[in-house]
Amino acid sequence: MATKNQRVAFFKLWGKAKREIRVLVGAADDESARHAWIRRHTGYTDSINAVKPGADFGRLMLETAIIADDYAAVAKWSMDVANRWRHLIGEQLRRIGEITGEAKPWAYARGIFKHLRLPESWEDIPEDRLADVFKMLDTHRRRLIRKAAQEAS
């Protein structure tokens, strides 16, 4: 369910885009157009209240921002997925650091980046490779947990 702030953000963009979206979806009124637009971009609902707040909401906002010709919003929402991956990578590094007793295990992370032929800084990694980095960090974290459990037994 979309949050109150997300619904407010959507309706701000919607106000800029509704005329063009009505034409695009062939709707007679704004409400029908909005429902058709939301369904087109979520695939499961026509209500902003039922839109899942993560990637589904981000995709809807990006498409709405494009139609609204709101370039600041397009820039923001196009970075939404990458920002989520970067946050998750940071959390994985924090968890690995807790297990190993390091603040952030940068040496291991840089080894992964080098292995994948990526930039040294995770903030410079291309968006389409962030999921790979996350998966490798998660695998390493799981190994560390198994190793710690074996040593404790």
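See the structure printed just above.
Throughout what follows, the structure given in this document is the object of discussion. (Residues numbered from 1 in each chain as written. Predicted model: local features only at pLDDT ≥ 70, side-chain atom pairs only at ≥ 80, totals over all residues. Heavy atoms only, no water.)

Turning our eyes to something else, we now look at the pattern of salt bridges. In total, this model carries eleven salt bridges according to the counting rule given. With a shortest N-O distance of 3.6 Å, Asp30 and Lys18 are connected by a salt bridge. Here the residue Asp30 occupies a position in helix α2 (residues 30-42), and Lys18 occupies one in helix α1 (residues 4-25), the gap between them amounting to twelve residues. Using a relative accessible area of 26% as the deciding quantity, one classes Asp30 as partly exposed. One salt-bridge network, held together by shared partners, links Lys18, Arg22 and Asp30. (Salt bridge = Lys/Arg side-chain N within 4 Å of Asp/Glu carboxyl O. Helix = DSSP H or I, 4+ residues; strand = E, 2+ residues; numbered from the N terminus. Buried < 20%, exposed > 50% of the residue type's maximum accessible area, 1.4 Å probe, protein only.)

Our focus in this paragraph is the environment of Ile112. The residue Ile112 is located in helix α6 (residues 106-115) in this model. The exposure class assigned to Ile112 is buried, which follows from its relative accessible area of 4%. A C-alpha to C-alpha distance of 8.1 Å links Ile112 and Leu137, two positions 25 residues apart in sequence. Not counting residues up to four positions away in its chain, the partners in contact with Ile112 are Met136 and Leu137. (Contact = heavy atoms within 4.5 Å.)

Over its 14 residues, helix α3 (residues 55-68) runs 20 Å from end to end, which matches the ideal 20 Å to within 8%, given 1.5 Å per residue. By the burial criterion, the buried members of α3 are Asp56, Phe57, Gly58, Leu60, Met61, Thr64, Ala65, Ile67 and Ala68. Where α3 is buried, its residues contact α1, α2, α4 (71-78) and α5 (80-100). Asp69, located one to two residues past α3, shows a positive phi value of around 55 degrees. (Expected span 1.5 Å × (residues − 1).)

In this structure, Phe10, Ile21, Ile48, Phe57 and Leu60 are the most contacted members of the largest nonpolar core, which totals 19 residues. With six residues, the top contributor of residues to this core is α3. The contact partners of Leu60, leaving out residues within four places of it in the chain, are Phe10, Trp37, Ile38, His41, Ile48 and Val51. Within the second largest apolar cluster, 16 residues are counted, among which are Leu93, Phe113, Leu130 and Leu137. (Core = buried A, V, L, I, M, F, W, Y, C linked by side-chain atoms within 4.5 Å.)

Turning our attention to the packing of aromatic side chains. Applying the stated criterion to the full structure yields four aromatic pairs. Ring centres of Phe10 and Phe11 lie 5.4 Å apart, and the angle between their planes is 75 degrees; on these two criteria the pair is classed as edge-to-face. Judged by its relative accessible area of 37%, Phe11 is partly exposed. Between Trp85 and Phe134, the ring centres sit 5.5 Å apart and the planes meet at 55 degrees, which makes this aromatic pair tilted. Placement of the pair is Trp85 in helix α5 and Phe134 in helix α7 (residues 130-152), with a sequence separation of 49 residues. Since its relative accessible area comes to 25%, Trp85 is described here as partly exposed. A network of ring pairs unites the aromatic residues Phe10, Phe11 and Trp14 as a single cluster. (Phe/Tyr/Trp six-rings, centres within 6.5 Å; stacked < 30°, edge-to-face > 60°.)

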